[in-house]
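Understanding the architecture of this molecule
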Amino acid sequence: MKNKTNIVLIGFMGSGKSSVARMLAGKLGKRYLDTDELIRQECKMDITEIFDKFGEEYFRKKEKETVERVAALEGTVIATGGGVVLNPENMEKLRRSGIVVWLRASEEEILQRISGDAGRPLAFNRSESEIIEIYSKRLNLYAIYADIIIDTGGKDIETITIEIIKHLKNTYSNNGKYGNIIGEFQRVRQIEG
Ligand code: S3P
């Protein structure tokens, strides 16, 4: 099996995937990509606009194409949209080349961060209980696909990022199951203190 050199962040809307992925990539000296951002660039439209104009199905098709492209890359920290886990093909591809990290946020945190956010079409105009219902349905999927689970409660972006690096170091160094992923991240020694 080919070594996994990507790190893929999954989790519900508002769990901090993009901010953490950006910082993680910076600390590891790796490239950072965000599937939603790539879709935005390609469509030259915000995610909300894509949902409004073309519907969720179209967005999921774009998401699938984007996932296919980024999963083929190496040495990249990839932030995904919260619904990426809905399609098993997405996850199969991402898991082939990357370690999957689930940023697990509590219901309270999620609601605090995304309620009424017009940039998130699946959360906007939905009641708190509707959002929690979507979240509950997804939980199982995040759990199934996660190699590493990080609880985000009460932690800032940097704390979460350092925690991920520690997990990667403990679990995936020394030519373990996935080869020496940390060995491939050259700057890690400088930041672990
Ligand atoms: C979605 C999450 C969003 C975005 C789209 C759909 C979802 O990304 O991909 O609005 O289905 O959970 P974030 O998780 O970054 O908000």
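Note on numbering: residues in each chain are counted from 1, in written sequence order. Totals for whole chains, interfaces and linings use every residue, but because this is a predicted model, local features are given only for residues with pLDDT of at least 70 and side-chain atom pairs only at 80 or more, for both listing and counting. The basis for every side-chain value is the complete set of heavy atoms in the structure, and neither hydrogens nor water enter the calculation.

Structural notes on the UniProt feature "binding site: substrate" (unreviewed entry) in the chain
Definition in use: UniProt positions are given in the numbering used here, feature names are shortened, and annotations may be inferred rather than shown by experiment. A cavity here means a set of points on a 1 Å grid, drawn over the protein atoms and nothing else, where a 1.4 Å probe fits but cannot get out; a pocket is an open set with protein on both sides within 12 Å along at least five of seven lines, and a residue lines either one if it has an atom within 4 Å of a point. Labels follow the DSSP assignment, with helices taken as runs of H or I lasting at least four residues and strands as runs of E lasting at least two, numbered in each case from the N terminus. Burial classification: accessible surface area is computed with a 1.4 Å probe over protein chains only, and a residue below 20% of its type maximum counts as buried, one above 50% as exposed, and the rest as partly exposed. Throughout, a residue-residue contact means that at least one pair of heavy atoms, one from each residue, lies within 4.5 Å.
Here the UniProt-annotated "binding site: substrate" (unreviewed entry) positions come out as Asp36, Arg60, Gly82 and Arg138. The annotated residues contributing to the lining of the largest pocket are Asp36, Arg60, Gly82 and Arg138. When you line up the elements, glycine 82 lands in the loop between strand E3 (76-79) and helix H5 (88-97). Glycine 82 gets classed as buried once you look at its relative accessible area, which sits at 9%. For glycine 82, the contacting residues outside a window of four places in its chain are Gly11, Met13, Lys17, Arg138 and Tyr142. Discounting residues that sit within four places of it in the chain, arginine 138 has contacts with Phe12, Arg60, Gly82, Gly83, Val85, Leu86 and Leu122.

Re the site of the ligand
In plain terms, the rule: Neighbouring residues are identified by heavy atoms, a residue being near a molecule or strand if any of them is within 4 Å of it. Counting of polar contacts relies on pairs of N or O atoms within 3.5 Å, with two restrictions inside protein: one atom must be capable of donating a hydrogen and the other of accepting it, and residues adjacent in sequence are counted only when both atoms are side-chain atoms. Every accessible area reported is derived by Shrake-Rupley at a probe size of 1.4 Å, with residue values counting cover from the shown protein chains alone. The rule for placing a molecule in a cavity or pocket is simple: more than half of its atoms must lie within 2 Å of the grid points. Three residue categories are used. Nonpolar comprises Ala, Val, Leu, Ile, Met, Phe, Trp, Tyr, Cys and Pro, charged comprises Asp, Glu, Lys and Arg, and polar comprises the others, including Gly.
The local shell around the ligand holds 13 residues, among which Lys17, Asp36, Arg60, Gly82 and Arg120 are the closest. A distance of 3.3 Å separates an oxygen atom of the ligand from a polar backbone atom of glycine 83. At a separation of 2.7 Å, an oxygen atom of the ligand approaches a polar side-chain atom of arginine 120. Bound to the protein, the ligand loses 95% of the 390 Å² it would expose on its own. More than half of the atoms of the ligand fall within 2 Å of the grid points belonging to the largest pocket. Its residues assigned to classes, the shell around the ligand comprises five nonpolar, three polar and five charged.

Thoughts on the UniProt feature "binding site: ATP" (unreviewed entry) in the chain
Sequence positions flagged by UniProt for "binding site: ATP" (unreviewed entry) are, in local numbering, Gly14, Ser15, Gly16, Lys17, Ser18, Ser19 and Arg120. The subset of the named residues that lines the largest pocket consists of Gly14, Ser15, Gly16, Lys17, Ser18, Ser19 and Arg120. Examined against the element boundaries, serine 18 turns out to sit in helix H1 (residues 17-28). With near-sequence residues (within four places) excluded, serine 18 lies in contact with Tyr32, Asp34 and Ala79. Position of arginine 120 among the secondary structure elements: in the loop between helix H6 (107-114) and helix H7 (128-145). If near-sequence neighbours (up to four positions away) are discounted, arginine 120 is found in contact with Met13, Gly14, Thr48, Arg113 and Ile114.

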